[in-house]
Amino acid sequence: GQNIDQPTEMTATEGAIVQINCTYQTSGFNGLFWYQQHAGEAPTFLSYNVLDGLEEKGRFSSFLSRSKGYSYLLLKELQMKDSASYLCAVMPGYALNFGKGTSLLVTP
Amino acid sequence: DVKVTQSSRYLVKRTGEKVFLECVQDMDHENMFWYRQDPGLGLRLIYFSYDVKMKEKGDIPEGYSVSREKKERFSLILESASTNQTSMYLCAGSAEARVYGYTFGSGTRLTVV
């Protein structure tokens, strides 16, 4: 089975940097995904990691350590519009298994 | 990008009714998925399909079935709706998942009364 853990809530200040952690245990591994979901909307794809290391995409970066079962999403230069839920998901086979999500609140 | 369309944004059904949730993708891609999302529980996989007439159970298939007669359409069926099936239902399709991830539909908020 799969077990994916991430913090329930986080708060950060506009312009700052925030790191959202995700730990996982899985029976198979075809990659780790991060999604962003604004309230009342569908999740949107942010990043994909399958090899160890850091993937950078603009203000967002994602890191993976397969041996530690650990990933993080790094958000730089936070903006108010970054207030959303961030979902960590693991693909053990065909389908994604999601964590419960981290609700990020960005304050002025 | 794959575009995924769910036919209804909001639905209200009565206990015991048979309910159909429809999902259509506009690209010729094999993989389609149904999730439900509940507060505090996150997204949970109900069923998925990797080809026409193929289906696989996810983590919570009880009380649900699916139909995939054509590649572009993946339907979720609640055989006899119950109040514990009140939820947000999200359909997703995947192109190159490693590049684009899954594309989700806008969701159907189902209330069973």
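Notes on the structure follow. Note that the coordinates shown come from a computational prediction; the quantities given were computed from them, not determined experimentally.

## Section: the overall build of chain B
For step 1, the next point in the chain: If you tally the helices and strands in chain B, you get 1 helix and 12 strands.
For step 2, the next point in the chain: Ordering the α and β elements of chain B from the N terminus gives β-β-β-β-β-β-β-β-β-β-α-β-β.
For step 3, the next point in the chain: Across its three principal axes, chain B shows a C-alpha extent of roughly 40 × 30 × 25 Å.
For step 4, the next point in the chain: Expressed as a percentage of the 113 residues in chain B, the buried residues total 49%.

## What to know about the interface of chain A and chain B
For step 1, the next point in the chain: Taken together, the contacts link 18 residues of chain A with 23 residues of chain B.
For step 2, the next point in the chain: Across the chain A/chain B interface, buried area totals approximately 1,600 Å², and carbon plus sulfur atoms make up 59% of it.
For step 3, the next point in the chain: There are 0 salt bridges connecting chain A and chain B.
For step 4, the next point in the chain: In this structure, the connection of chain A to chain B is made through 5 residue pairs in polar contact (both at pLDDT 80 or more).
For step 5, the next point in the chain: Listing elements by their share of the side of chain A that touches chain B, those giving two or more residues are strand 4 (32-37), strand 5 (44-49) and strand 10 (97-98) of chain A.
For step 6, the next point in the chain: No other element matches strand 4 of chain A, which puts 3 residues into the side of chain A that touches chain B.
For step 7, the next point in the chain: Counted by class, the side of chain A that touches chain B contains 12 nonpolar, 5 polar and 1 charged residues.

## Description of the packing of aromatic side chains
Each aromatic ring pair is summarised here by two numbers: the centre-to-centre distance and the angle between the ring planes.
For step 1, the next point in the chain: By the definition in use, this model includes 15 aromatic pairs over all chains.
For step 2, the next point in the chain: Taking 5.4 Å as the distance between ring centres and 85 degrees as the angle between the ring planes, the aromatic pair formed by phenylalanine 98 of chain A and tyrosine 35 of chain B counts as edge-to-face. You can see phenylalanine 98 of chain A sitting in strand 10 and its partner tyrosine 35 of chain B sitting in strand 5 (residues 32-38), one on each of two chains.
For step 3, the next point in the chain: Residue phenylalanine 98 of chain A is classed as buried on the basis of its relative accessible area, which comes to 10%.
For step 4, the next point in the chain: Relative to phenylalanine 48 of chain B, the ring of phenylalanine 33 of chain B has its centre 5.9 Å away and its plane inclined at 25 degrees; by these criteria the two rings are stacked.

## Notes on the environment of leucine 78 of chain A
All names here are of chain A.
For step 1, the next point in the chain: Tracing the chain through its elements places leucine 78 in the loop between strand 8 (70-75) and strand 9 (84-90).
For step 2, the next point in the chain: A C-alpha to C-alpha distance of 17 Å links leucine 78 and tryptophan 34, two positions 44 residues apart in sequence.
For step 3, the next point in the chain: Not counting residues up to four positions away in its chain, the partners in contact with leucine 78 are Ala12, Thr13, Glu14, Gly15, Ala16, Val18, Arg59, Leu104 and Val106.

Each value, and the rule that gives it
Each chain has its residues counted from 1, following the order in which its sequence is written. Labels follow written order: the first chain is A, the first ligand is 1, and so on. Whole-chain, interface and lining totals are the exception, using all residues; otherwise, since this is a predicted model, local features are given only for residues with pLDDT of at least 70 and side-chain atom pairs are given and counted only at 80 or more. Side-chain measures here rest on the full set of heavy atoms in the structure, leaving out hydrogens and waters. For helices the rule is a DSSP run of H or I covering at least 4 residues; for strands it is a run of E covering at least 2, with both sets numbered from the N terminus onward. For each residue, the accessible area found with a 1.4 Å probe, counting protein chains only, is set against the maximum for its type, and the residue is called buried under 20%, exposed over 50%, and partly exposed in between. Here a residue-residue contact requires only that any non-hydrogen atoms of the pair lie within 4.5 Å. Buried surface area refers to the total accessible area, computed with a probe of radius 1.4 Å, that the two partners give up upon joining, counted for both partners together. We define a salt bridge as a contact between a side-chain nitrogen of Lys or Arg and a carboxyl oxygen of Asp or Glu at a distance within 4 Å. Polar contacts, as counted here, are pairs of nitrogen or oxygen atoms within 3.5 Å of one another; within protein the pair requires one atom able to donate a hydrogen and one able to accept it, and residues that are adjacent in sequence qualify only if both atoms are side-chain atoms. All amino acids are sorted into three groups, where Ala, Val, Leu, Ile, Met, Phe, Trp, Tyr, Cys and Pro are nonpolar, Asp, Glu, Lys and Arg are charged, and the leftover types, Gly among them, are polar. Any Phe, Tyr or Trp ring, taking Trp's six-membered ring, that has another such ring centre within 6.5 Å forms a pair; planes under 30 degrees apart are called stacked, those over 60 apart edge-to-face, and the others tilted.

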